[in-house]
Amino acid sequence: MIKLRNCWRLNPGLTLIISILMITLVILDRWVEYEYTLIPQEKARQEQRFHNVSARMWQTVSDLMLNDNRTTTESYITGYSGDSGFEMIAVVDDGRVLLANKLALKGSTTKNISCYQGIWVSKAVSEFSPVIEKHPDRANKICAVMPITLLERSTSLRPESLAVLVVEYNMAPAIATLQQHIWKPDQWIRHLGFALAVAFLISMILKRSVIRPLNQIRQRMKEFAQGNVLARVEMTGNCELMDVARNFNELADQVSEAELAVRRSEERWVKALDGAGDGVWDWDLRTNKVFYSNQWKVMLGYGKDEIGDSLEEWSDRVHPDDLPQAMKDMEDHLAGHKEVYRTVYRMSCKNGEYKWFFDRGMVFERDENGKALRVTGTHTDISDQKQTEAALQESQQQFELAMLGSNDGLWDWRISDNLVYFSPRWKGMLGYADDELENDFKVWEQLVHPDDLHLAKEEVARCVVGKKDLYEVEFRLRHKQGHWLYVLSRAIVVKDDDGHVARLVGTHMDLTEIRAVQKQLEESRQQLKKMAFYDALTGLPNRRLLEDRMVQLLEDSQQSGDVLAVAMMDLDGFKQVNDTLGHDVGDELLKAVSGRLNLCMRESDTIARLGGDEFVLLFTELSKPEDVVSGLERVITVIGKPYMIEGNECRVTASIGVAFYPNDAKTGDILLRYADLAMYRSKQAGRNQFSIYEAYMSDFDQENQAS
């Protein structure tokens, strides 16, 4: 008898609850402190810092701009680029950006400045005081709009005008730094270590007061299950485990009483199984005697008294080719390697014929060492099923032969038991032998390209639930050598008599060569397109693409009301470089010039090469013609710097002429002609400069042509 002592009354799951609670409280405490204390404090500190810095910035920029010191102002603004909080600082006058800490914004409109809000600008100008507000779209950003006085450079009667200083400040970097500090791993290790230590202490207490007594009860239950019908637990003490022990003793008494009733009912269920068409056998390993039911004997064509009770009555009738496997399956079950004994074999009947049987059974009694004492099972005639399977297999082989002729792979998925079949040709397409890939749905999932798997499985699911009757998806499968094959998978849905989807039967077609040819055709098409629209030497748009761009830009300018500047540029001194250093150096020089143009022009502008050393520059989104001046000056400065080509220092300059839409003309060809006239005016005036088209240039050109 087992005596239970030293057990305490504990609530179920107390260890798990305390452990989870401790860890949860640690996480919750850190999160609440971070969300509701530290972040608000950091935001308040950042807002105060922004107020202080923006006030100083306003004073400094106002003084500098009032003295018309724009260069110093721009240096002062760009000095804040190192501060990650100040994302954007710009001086805006009449909707145009005069100065900014980002070069891309300079000279542009305010549409890219989210802090430039009309109501804030009006308030700042009317009250001549800073307006500081939260960003309209971003929670962690602050905007400031501050009025400043500009000194006009013209001879206007109004020497001063009002502009605004717009500042956008982002608090997210500071909050991110705070977050990294708060969630340091060493802090988490200390808190979680404390929680785990408490959990360990509780588990040790529970092990002594609960687990050990439970193991003792389990041991008695095991003895009872192995046949010791007298196994009981002696109860002492007063705790919850006493209820378990008491229930076990009561259950053991009831089981002992029920065993007698079970033995009496065995005869009834044997007769019931006989009536259902299955034979029953019961093997007592202690005596090596086997009980065979009447139906078991009738299935083989024998009478009631024609078969004895020895094991040889069964083994001698099993087909010699099937007996070793049947004996192995029984031995594995008796040894406990398999929960249930299942096997299929042929047995000879009284008339000499062989029938197929499905045999299944289970050990119902073992001794205290786990040795099997009694096995009971049933015998089912599956000869008709085997004939059907043979016919189906023959039909499938015929279908596979047909598919081999079409060079496609075959697959078959039986949904009811999740059995999948891949034909040898299916595996061969991927470089595998038939025995190198398992017939498993997971194998297919592992072979499909990750980018294609979702669509492929989604279409399968639609077929399985009955939404589609045909499955057709193209995806990639990984070949044994590592490369990907493009495959077209097609299948039909097969339904059972109740209308439920029973299986999918389909094929795989290799499309890799087709896709390779299509890719080559697409690359050829792209190459032809590039040759047709881009200059082969510099990669810039050619005359044909320039004409298309000008048509589109003229339409856009007409709708928006913006000014379009068309500039013709010719390189001064290029012919001398080409004649003295050779055409190869000249070509490299043209490439270098194109590269510099790409760097100094805006992304919205267009650069094209007409041929030789002639280039066309299109400046878009201009409010007035004067806005192009800074861009042209930048181009002349950049182009005029020395070039090192194959060890030779080369120098060229740019002569540029510019005409404007809609001021000078409204068609592209006329604008180009006017820009060309202005460009020749630059060359006549000494080169390395730009000239703006004027009407007298056309008159002068006509006179020259007439003479």
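So, a few notes on the structure that sits alongside this text. (Residues numbered from 1 in each chain as written. Predicted model: local features only at pLDDT ≥ 70, side-chain atom pairs only at ≥ 80, totals over all residues. Heavy atoms only, no water.)

**Notes on the state of the cysteines**
- Counted according to the given criterion, the structure contains one disulfide.
- The partner cysteine of Cys115 in its disulfide is Cys143, sulfur to sulfur 1.9 Å. Classification of the bridge connecting Cys115 and Cys143 rests on its S-S torsion, roughly -55°, and on that basis the disulfide is left-handed. Of this pair, Cys115 sits in the loop between strand 2 (96–100) and helix 3 (118–127) while Cys143 sits in strand 4 (residues 141–151); the two residues are 28 residues apart in sequence, bridging distant segments of the chain. Of the two residues, Cys115 and Cys143, both sit in the buried class. (Disulfide = S-S within 2.5 Å. Helix = DSSP H or I, 4+ residues; strand = E, 2+ residues; numbered from the N terminus. Buried < 20%, exposed > 50% of the residue type's maximum accessible area, 1.4 Å probe, protein only.)

**Here's the deal with the nonpolar core**
- Membership of the largest hydrophobic core comes to 34 residues, with the highest contact counts inside it found for Met569, Val593, Leu597, Leu617, Phe619, Val635 and Ile639.
- Among the elements that take part in this core, helix 17 (residues 583–600) stands out by supplying six residues, more than any other.
- Beyond its immediate sequence surroundings of up to four residues, Leu597 is in contact with Met569, Ile607, Phe615, Leu617, Val635 and Ile639.
- With 28 residues, the next largest nonpolar core counts Val61, Tyr80, Ile148 and Leu165 among its residues. (Core = buried A, V, L, I, M, F, W, Y, C linked by side-chain atoms within 4.5 Å. Contact = heavy atoms within 4.5 Å.)

**Focus: the pattern of salt bridges**
- Using the criterion set out here, one finds 34 salt bridges in the structure.
- We note a salt bridge from Arg609 to Asp535, for which the minimum N-O separation is 3.0 Å. In this pair, Arg609 sits in strand 17 (residues 606–611) while Asp535 sits in the loop between helix 14 (512–533) and helix 15 (543–560), placing the two residues 74 residues apart along the sequence. Accessibility assignment for this pair places Arg609 and Asp535 in one class, buried.
- Here the residues in one salt-bridge network are Glu87, Lys141 and Glu168, joined through shared partners. (Salt bridge = Lys/Arg side-chain N within 4 Å of Asp/Glu carboxyl O.)

**Re the sheet that holds strand 22 (residues 690–692)**
- With mixed pairing, the five strands of this open sheet are ordered in space as 17-18-16-21-22. Two strands in the sheet have a free side with no partner beyond their single neighbour: strand 17 and strand 22. Strand after strand, the sheet turns through a mean of 20° between neighbouring axes, direction not considered.
- Those strands touched by helix 18 (residues 629–639) are strand 16 (563–572), strand 18 (614–622), strand 21 (653–661) and strand 22, and its axis lies near 160° from that of strand 21. (Pairing = 2+ DSSP bridges. Axes fitted to C-alpha atoms, helices over the stretch in contact; angles between N-to-C directions.)

**So, unusual backbone geometry**
- Put simply, Tyr661 and Pro662 share a cis peptide bond, and its omega is 5°.
- Within the fold, Pro662 resides in the loop between strand 21 and helix 19 (668–684).
- Of note, Phe128 is a non-glycine position whose phi angle comes to about 45°, a positive value.
- For Phe128, the location among the structural elements is in the loop between helix 3 and strand 3 (131–134).
- If you check the backbone angles, Asn688 has positive phi at about 55° while not being a glycine.
- Here Asn688 lies in the loop between helix 19 and strand 22.
- Asn688 sits in the partly exposed class, given a relative accessible area of 37%.

**Side note on the packing of helix 16 (residues 574–581) against helix 17**
- In the contact formed by helix 16 and helix 17, the axes pass within 6 Å of each other and the chain directions differ by 140°. Packed against helix 16, whose contacting residues are Phe574, Val577, Asn578 and Leu581, the element helix 17 presents His583, Val585, Gly586, Leu589 and Leu590 at the interface.
- Per-class residue counts for the contact of helix 16 with helix 17 are six nonpolar, three polar and no charged. (Nonpolar A, V, L, I, M, F, W, Y, C, P; charged D, E, K, R; others polar.)

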